[in-house]
Structure formats: structure tokens, C-alpha cells
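The lines below spell out each chain.
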Amino acid sequence: MAIKTFVLDTNVILHDSGCIYNFKDNNVVVPMVVLEEVDKFKKGDELKNYHARNFTRIVDDLYSDADFMKGAKIGETHGILKIMACGENSIGVVKDLFVADTVDHRILALAYKLHFTDKVPGVVLITKDINLRMKAKALGIKSEDYTSGTVENVEDLYKGKKTIEDVDPAIIDGLYKEDGMVEPDSNEFFKKLKLHPNEYLVLKSQQNSVLIRFDPFINKIKRIEKRTAYGIKPRNAEQIFAMDALFDSNVSIVTMSGKAGTGKTLLALACALEVRSSFKQIYLARPIIPLSNKDIGFLPGDIKSKINPYMQPLWDNLKVIKNQYNEADKEAQKITELVESEKLVIEPLAYIRGRTLDKIFFIVDEAQNLTPHEIKTIITRVGEHTKIIFTGDPYQIDTPYLDAKSNGLSYLIDKFTGQKVFAHITLEKGERSQLAELASNLL
């Protein structure tokens, strides 16, 4: 196979600082203007700042003994890394086509020069910017998204549950007898199911139905009962499944995906409060996605005032639970006590840096706005006896360089499916209100 030359955009590096190692034996070109852009992101505590610093270190190490003009060998089985400036002739060509002299257009100019002037074979511009990809293709330059850490087909993503119709009533009756458990190999019906660990099913016959789950820790299929968590009752089978996974101490990582109003965050918080005695702290966090791509520094007030609008949906869920009780009830007072003593904390996800997550019920909301690398960073911080929950909607992305295939939540579900400590439920039925459900389906 012919060697290709991949020209990288800034957003690829800020998405994954180790991206240059994912192009096998092909060559990688980093435009000089991209290095300038990366340099602007080196200061800060966000993951993009980490990637900027880490990429700079990687390039510095590779070039420590290399000839700058010839490039640096990326690895024994990898190609060459080159830092290149764009010639004035190519910049002129791009200026004739585009009004503004921007960083994007200078990256295009270098790709144009390599492809048309230098006749370098197999030039491909790699960017997560859809508009830049279209501009490149309009110039006759091949362009692709950076797909490392993406899911091939999000439509086939593991849902964590399924429904089987027309089941023999005797099979369902058997699950209601004695302890409600059966061996997976007890008969041909259960043998054919071939369930993933912690996969849920609704079995239906003409007369009755049953909710079940394959428990890999005891290697049995067991009946699932409806439970209540801190005054919150599940309204459908999906929510019953979710609460079962949230309550199970053997399942240390749970993902819940679904559209707005399906109860993901509410169920996670209610179950956290119900089992709070088993953990040192309940921690709720979500990534801050600035409105209109403006940093939170643009907002008025101190840091707390800037952050509060982003955390408000989490406080709203807590208020829903608290409103199940009167102010004088011990349950309502306990919630107030947990917040005041910081046993229940709601903060931006960026604040977990440096924390040791031991014996914490950790809920990460809006996880679809995280990159696969961010998901990995969070999970690798988890210590002993911590339960971590990721909730979100893979189809509702608020950051410009992620989509349903490349976001961290989809990636996590895809990679963890089949693990004993993992459970996932896709919540499909909205329970917020009839109007909210109608709007979610129609608009």
C-alpha cells in the first residue's frame, strides 16, 4: 500500500495529543500555523490544554536528535513527522479563492502546495472541522475526519435490553417460582439467548410477562423486581432496569443513554441518595460547554456565578427528589444536611482533576459532550469501592468537534459491552410530561 501524507489541523491535536501515532507507517505533516495555534492553548486546566502541552513535549522529544528539514521518525513502525511552513505562492492561490487570510486557509494552502505543486502522493487533510473538509474537497484535496476512538455504526450500539414476544408461558411461570433464578443452560430457550453480562430482557407471552437480567457474578438469569429510590418510582421497564443496575454493588460502571426527559439523571441521583450510606460522598458533575463557543469568563460575576447556570439542571433534579417530601420530613432534611456537609457535591467536571475517587457514587451528566480520552481520564481516576455513572444522549452533542459516533459516551458503551462490571440501559420513553415527549419526537 502506498505511503500517504496526512496534514493535521489544530482540532485533531487538541482532541488527541497522541494522534501522530495512529497513522501507522504513513507520514504526518503539522503546519507551522498549527503549532502557533497549539501554543495558545498550553495554559489552563481543561483537557485541551493538557493535549496542547503534551503534544509539544512529544514533538520536542521526537526532534531532539532529528534533522528539522528531513523530519523526525515517529517510531520504528511509523512514518516521518514534518513541521512545515506554507510557501507564499500557495497562500496566494488560496487568497484568490477565499476572502480572509485565516489559520484554516493557511492549512489548506499547505495541503494545496503538497498536492499540486510538490506532487506529493496521497495527501490527506485530517480535520474535525466539517466546513474545512468541504473547502479542501472543493479544492481537489482529499480530506477526512479524525476517526480514532469512534464507533463504526451508532445505530447498532448496544442497548442493554431487548424484548422477546410469544414466549412459552411455562418459562415465565418458572421465573416467578422459588428464588426467581434459572441457569442459562437450563433449557434450549435460555441457551439461545446468548446474553451479555448484565443484559436485560422483557419476556412476554399471551398471558403474562417478566423482567429479567443475566447476572454474570452468579451466572444466573434472575427476575427483576420494581423498586423505589428516595421517593422516586420507576414508570416503565427501562427505568426498572436502570435502577436495578444502579443498586447493584457488583456493577461498578453504569451508562444510561436516552433523549431528554427519560429520567437518566433523576434516577441516578435518587439511587445515589438511597444507597448513600455505602459511600463517603455523592458527586455529580457535568462538562461545561460555553454558549456560542464563548468561554465562561465572558459571563458576569465571580466563578460561582459563572458556573451556576451550567450546574442548574443537576440542582433541579435534586429539587424534584426533595419535593417528594415535606420540608419537615427527615428525608428532605437529610438532603439539606448532605449538601451543607458536602457529602453531596455538584460541580463542573473540570474540578475533579487531582481528586482521588475512593468510595464515591460518581454521576457524570451530559457525557456525550466528552471525548473518548476524557472518558478514559475520568475512569482511570476511580479508586476502590467507587461506582461511576455516565448519562447522556449521543444524538444531542453541544461541542462542534464531536458527533454520535465520536463522542465519549458512545465509545465507552461500545468498548465496555461484555464486561462483568458494566451495565448499560438505553432509555427510550420520555416521562417528563406528555408535551415534552411530543416535542422530543416531533421537533
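Structure shown above.
Residues numbered from 1 in each chain as written. Predicted model: local features only at pLDDT ≥ 70, side-chain atom pairs only at ≥ 80, totals over all residues. Heavy atoms only, no water.

Caption draft 1: Looking closely at the overall build of the chain. On a plain count of helices and strands, the chain comes out with 15 helices and 17 strands. Principal axes of the C-alpha set define a box for the chain whose edges measure 80 × 60 × 45 Å. In the chain, the proportion of contacts linking residues at least 24 apart, taken out of those at least 6 apart, comes to 69%. Of the accessible surface of the chain, which amounts to about 22400 Å², a share of 50% is contributed by carbon and sulfur atoms. (Helix = DSSP H or I, 4+ residues; strand = E, 2+ residues; numbered from the N terminus. Contact = heavy atoms within 4.5 Å. Areas by Shrake-Rupley, 256 points an atom, 1.4 Å probe, with all protein chains shown as cover.)

Caption draft 2: Molecular detail of the packing of helix α9 (residues 237-247) against helix α10 (residues 264-274). Axis separation between α9 and α10 bottoms out at 10 Å; the angle between their running directions is 40°. In this view, α9 runs oblique relative to α10, as classed from their interaxial angle. As α9 packs across α10, the resulting crossing turns out to be right-handed. Between α9, through Gln-239, Ala-242, Met-243, Leu-246 and Phe-247, and α10, the contact on the second element is made entirely by Leu-267, Ala-268, Cys-271 and Glu-274. Of the residues contributing to the contact of α9 with α10, the split by class is seven nonpolar, one polar and one charged. (Axes fitted to C-alpha atoms, helices over the stretch in contact; angles between N-to-C directions. Parallel < 35°, antiparallel > 145°, perpendicular 65-115°, else oblique. Left-handed = near helix turned anticlockwise from the far one by under 90°. Nonpolar A, V, L, I, M, F, W, Y, C, P; charged D, E, K, R; others polar.)

Caption draft 3: Fine view of the sheet that holds strand β17 (residues 422-427). With parallel pairing, six strands are arranged side by side in an open sheet as β14-β13-β15-β16-β12-β17. Only two strands of the sheet have a single partner each, and these edge strands are β14 (344-348) and β17. Neighbour-to-neighbour, the strand axes of the sheet open up by a mean angle of 15°, direction not taken into account. Across five bridges, strand β13 (residues 281-286) lies against β14 in parallel orientation. Bridge pairing links Ile-282 to Leu-344 in β14. Of the strands in this sheet, β12 (253-258), β13, β14, β15 (360-364), β16 (387-392) and β17 touch α10, which is tilted by about 170° from β15. Across the face of the sheet, helix α13 (residues 372-379) comes into contact with β12, β15 and β16 while running at roughly 155° to β16. (Pairing = 2+ DSSP bridges.)

Caption draft 4: Layout of the environment of Leu-132. By the element assignment, Leu-132 lies in helix α6 (residues 130-138). By relative accessible area, Leu-132 is classed as buried at 1%. With near-sequence residues (within four places) excluded, Leu-132 lies in contact with Asp-9, Asp-104, Leu-108, Leu-125 and Thr-127. (Buried < 20%, exposed > 50% of the residue type's maximum accessible area, 1.4 Å probe, protein only.)

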